[in-house]
Amino acid sequence: MHSVLVIDDDPVFCRVVEGILENDGYAVESAGDAQTGISRFGELNPDLVMVDILMPGKEGISTILELREANPVARILAMTGGGNFAASDVLRIAELLGADNSLKKPFEPAVLLETVKRCLAAA
């Protein structure tokens, strides 16, 4: 069973993603902020980390850089709804700086599952 860590400040979003992934057989944990997520990453060593780009405090790009420094082969999936910037631009930057793949919110469950499978298959 693959494990996934979701780092996102929206608890409802986390619960929805957890439900989708758990129903497909994944073990899922969530963290509501970057610092907690980085700590959980070190404890859990998950197969995949999903990181929201726009979070209060430490944002997702910094989080991705720190995760990548801690584990150069970690599988990282960046996510964003966009905020003040075009989501595609932010996600492209995230991929250039270390994310393996990206998703624009909102996304359909099937798209989430396919992207997670693609990230894990590339490991």
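Everything numeric here is computed off the predicted structure, so don't read it as measured data.

A.B. asks: I'd like a description of the packing of aromatic side chains, backed by residues and values.
C.D. replies: A complete count under the given rule lists 1 aromatic pair for this structure. Judged by centre distance (5.9 Å) and plane angle (80°), the ring pair of Phe13 and Phe107 falls under edge-to-face. Here Phe13, found in helix α1 (residues 11-23), pairs with Phe107, found in the loop between β5 (101-104) and α5 (109-121); they are 94 residues apart in sequence, far enough to count as distant. Each member of the pair, Phe13 as well as Phe107, is classed as buried. Its end group placed over the ring of Phe13, Lys105 keeps NZ or CZ at 4.2 Å from the ring centre.

A.B. asks: Requested: an account of α1, with residues and values cited.
C.D. replies: The end-to-end C-alpha separation of α1 is 18 Å, in line with the 18 Å expected for 13 residues at 1.5 Å each. All buried positions along α1 are accounted for by Phe13, Cys14, Val17, Glu18, Ile20 and Leu21. Seen from one end, α1 has its buried residues packed into an arc of 165°, which puts them on one side. Set apart from the buried face of α1 by more than 90 degrees, the exposed residues are Arg15 and Asn23. Looking at the buried side of α1, the elements it contacts are β1 (3-7), β2 (27-31), β3 (48-52), β4 (76-80) and α5.

About the criteria used
- Residues numbered from 1 in each chain as written.
- Predicted model: local features only at pLDDT ≥ 70, side-chain atom pairs only at ≥ 80, totals over all residues.
- Heavy atoms only, no water.
- Phe/Tyr/Trp six-rings, centres within 6.5 Å; stacked < 30°, edge-to-face > 60°.
- Helix = DSSP H or I, 4+ residues; strand = E, 2+ residues; numbered from the N terminus.
- Buried < 20%, exposed > 50% of the residue type's maximum accessible area, 1.4 Å probe, protein only.
- Lys NZ or Arg CZ within 6 Å of the ring centre and 35° of its normal.
- Expected span 1.5 Å × (residues − 1).
- Arc of directions from axis to C-beta.
- Contact = heavy atoms within 4.5 Å.

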